[in-house]
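# Survey of secondary and tertiary structure
Take a look at the letters that make up each chain.
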Amino acid sequence: MRVVVLGGGVVGTAAAWYLAKDGHEVTLIERHADVACGTSQSNAGLVSPGDSTAWASPAALVTFIKSLYKPDMGIKVRFNLDPNFLAWTWRFLLQCTQARANANTEVKLRLAFYARECINVLQDETGLAYDDKRKGILYFYRSQQSLEAGAKHMGYIAERGLKIEIVDRERLVALEPGLAAVKHQIAGGVYSPMDQTGDSCLFTRGLAELARERHGVQFRFNTTVTGLDVEGDRVKAVLTDQGPVACDAVVVSLGPESSLLARKIGIDVPVYPVKGYTATIPVDDDKGPTMGGVDEDRLIAYSRLGNRLRIASTAEFAGYDRSHKPADFTTMFKTAHDLFPGAIDESKAVLWAGLRPMMPGSVPVHGRARYANLYLDTGHGHVGWTMACGSGKLTADLVAGRRPEIDTTGLLYRN
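From a predicted model like this one, the values you see are computed outputs, not experimental measurements. (Residues numbered from 1 in each chain as written. Predicted model: local features only at pLDDT ≥ 70, side-chain atom pairs only at ≥ 80, totals over all residues. Heavy atoms only, no water.)

## Points about the overall build of the chain
Across its full length, the chain holds 10 helices and 20 strands. Each of the 415 residues in the chain was classed as buried or not, and the buried ones make up 57%. When contacts within the chain are restricted to residue pairs at least 6 apart in sequence, long-range pairs at least 24 apart make up 75% of them. For the chain, the accessible area works out to roughly 16,800 Å², and carbon and sulfur atoms hold 52% of it. (Helix = DSSP H or I, 4+ residues; strand = E, 2+ residues; numbered from the N terminus. Buried < 20%, exposed > 50% of the residue type's maximum accessible area, 1.4 Å probe, protein only. Contact = heavy atoms within 4.5 Å. Areas by Shrake-Rupley, 256 points an atom, 1.4 Å probe, with all protein chains shown as cover.)

Okay, here's the thing in structure tokens:
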């Protein structure tokens, strides 16, 4: 079949790879000049089943409300009267019960486990290099109270298959010598050996090149999708500013823009952008962390990507605004200097802000939507890098009419 994938982030590129491996004639359409120029260009770098907890929960509800009047929190909300934001917020609030939080977490965890297997198999088969490390991730806490709460929180997903180790500060520093200088500030942590790290931009661009060379995937860059040409119950072409692209099937992986296209064709896909910030800084080989970590009390994540340190923070509801200013990174740099003294020179940092495509319940959406040959693979929020390969393989199975390798309960779009 002629399959057109909309969106060249890590999710869309992974879908294109698996579809092309199946023998389809795949074209990927991307509005930027290359893949991974949007959300996938820079993130915390964590491939982390351990971060599968649904955002929508009773605790998140309290944080969401506080953020309306406390601007220094890790979650920031710029209240506005955008009807799409208001509708998304209402749906988010409906997901903030403990029962819904547990159900959504279990779905996310199932996909994250599967996706981790998929990315590792893909790398083993292709040799794709993306500054990855399979050393695990440390989630650490600065007080005994937050450590106990964090251990209980992680215990829920540990009961569902995530391997974890509760560590004191001595064991934590043995695992991560880079934190030795500040061990007195840390009460302890949770070590998740099943988690790993890597550069999503390097991965996406490397995978795109392999998809082109090995499977003939065609990439149409600098091309903006404007709509779909529908006839009966099928999409017969994707409309773009460069002309129509005929197709037998379409996969929508447009990240935060997915809902904009969906509304044009009468499909309800409640994806809303959540802004995050990152800084990428050169670091000496013998300084800084050796693995990924999360400072849970300050809500700051980081990864060691070769000779670079990637720091990420903040979830900001600011519509489609991608701008940033130096003040947005103050807490991130302060924390990096605190954790890894002498390891970074912030004047050399590459600063970035991008939009995560978030569903109200934090669970991405897949499968056929309204039309017989239109498929969704979007809404992955802050774990798109974690879930991309699992979602891509699932999408290829659905397009081929195969029974997926993963239980799809809770993952498929409901028309």
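## Some thoughts on the packing of helix α1 (residues 10-21) against helix α10 (residues 384-400)
In contact at an axis separation of 8 Å, α1 and α10 are set at 35 degrees when each is read in the N-to-C sense. In this structure, the crossing between α1 and α10 has a hand that is right-handed. Residues V10, V11, A14, A15, Y18 and L19 of α1 form the contact with α10, whose participating residues are G384, W385, A388, C389, G392, K393, A396 and V399. A class-by-class count of the residues in the contact of α1 with α10 yields 11 nonpolar, 2 polar and 1 charged. (Axes fitted to C-alpha atoms, helices over the stretch in contact; angles between N-to-C directions. Left-handed = near helix turned anticlockwise from the far one by under 90°. Nonpolar A, V, L, I, M, F, W, Y, C, P; charged D, E, K, R; others polar.)

## Some words on the sheet that holds strand β1 (residues 2-6)
Across the sheet, 6 strands lie side by side as β9-β2-β1-β13-β20-β19; this open sheet has mixed pairing. Single-partner strands in this sheet number two, and they are β9 (218-220) and β19 (365-368). Averaged over all adjacent pairs, the angle separating strand axes in this sheet is 20 degrees, with direction ignored. Of the strand pairs in this sheet, strand β13 (residues 249-252) and strand β20 (residues 374-378) are connected by 3 bridges, and their pairing is parallel. Paired with V251 across the strands is Y375, a residue of β20. (Pairing = 2+ DSSP bridges.)

## A word on the pattern of salt bridges
Enumeration over the complete set of coordinates arrives at 25 salt bridges. Between R91 and D268 there is a salt bridge, with its nearest N and O atoms 2.5 Å apart. Remark: D268 occurs in the loop between α8 (258-264) and β14 (272-282) and R91 occurs in helix α3 (residues 83-94); sequence separation between them is 177 residues. For R91, a relative accessible area of 31% corresponds to the partly exposed category. A residue is classified by how much of its surface remains accessible, and D268, at 42% relative accessible area, is partly exposed. Within this structure, R142, D295, R298 and D338 form a network of salt bridges that share partners. (Salt bridge = Lys/Arg side-chain N within 4 Å of Asp/Glu carboxyl O.)

## Quick word on the state of the cysteines
Taken as a whole and assessed by the stated rule, the structure comprises 0 disulfides. You can see C37 has no disulfide; the closest cysteine sulfur is in C201, sitting 7.1 Å from it. For C37, a relative accessible area of 25% gives the class partly exposed. (Disulfide = S-S within 2.5 Å.)

## Digging into the side chain of K108
For K108, the location among the structural elements is in helix α4 (residues 98-126). Salt bridges are absent for the buried K108, whose nearest opposite-charge side chain, D51, sits at 6.6 Å. With sequence-adjacent residues up to four places away left out, K108 is seen in contact with D51, S52, T53, A54, S362, V363, H382, V383 and M387. (Lys, Arg positive; Asp, Glu negative; His and termini not counted.)

## Quick word on a nonpolar patch on the surface
Taken together, the side chains of F79, L81 and L86 define a hydrophobic patch exposed on the protein surface, amounting to about 340 Å² of accessible area. For L81, the location among the structural elements is in the loop between β4 (75-77) and α3. (Patch = residues over 30% accessible without salt bridge, like charges linked within 9 Å, V, L, I, M, F, W, Y side chains within 5 Å.)

## Quick notes on the pairing of β14
For β14, a buried count of 10 out of 11 residues is recorded, marking the element as mostly surrounded by other parts of the structure. Both β14 and strand β18 (residues 350-358) contribute to a ladder of 9 bridges, which runs antiparallel. Counterpart to Y272 in the pairing with β18 is M358. Relative to strand β17 (residues 308-317), β14 runs antiparallel, the two being bridged by 7 bridges. Bridge pairing in β17 links K275 to E316.

## Describing the environment of A59
Of note, A59 is situated in helix α2 (residues 58-67). A relative accessible area of 52% places A59 in the exposed class.

## Re the packing of α1 against helix α7 (residues 200-215)
Where α1 meets α7, the closest approach of the two axes is 9 Å, and the angle between their N-to-C directions is 25 degrees. The orientation of α1 relative to α7 falls into the category roughly parallel. The element α1 and its partner α7 pack so that their crossing is left-handed. Residues V10, T13, A14, W17, A20 and K21 of α1 pack against F203, T204, L207, A208, L210, A211, R214 and H215 of α7. Split by residue class, the contact of α1 with α7 holds 9 nonpolar, 3 polar and 2 charged. (Parallel < 35°, antiparallel > 145°, perpendicular 65-115°, else oblique.)

## Some points on the side chain of K275
Mapped onto the secondary structure, K275 falls in strand β14. When residues no more than four places from it in sequence are discounted, the contact partners of K275 are R78, T314, A315, E316, D321, R322, S323, A353, G354, L355 and R356.

## Quick word on helix α5 (residues 144-158)
For α5, built from 15 residues, the straight-helix expectation of 21 Å at 1.5 Å per residue is met to within 8% by its first-to-last C-alpha distance of 20 Å. Listed in full, the buried residues belonging to α5 are S146, L147, G150, M154, G155, Y156 and I157. Tucked into the core, α5 has its buried residues touching α4, β5 (137-141) and β7 (188-192). (Expected span 1.5 Å × (residues − 1).)

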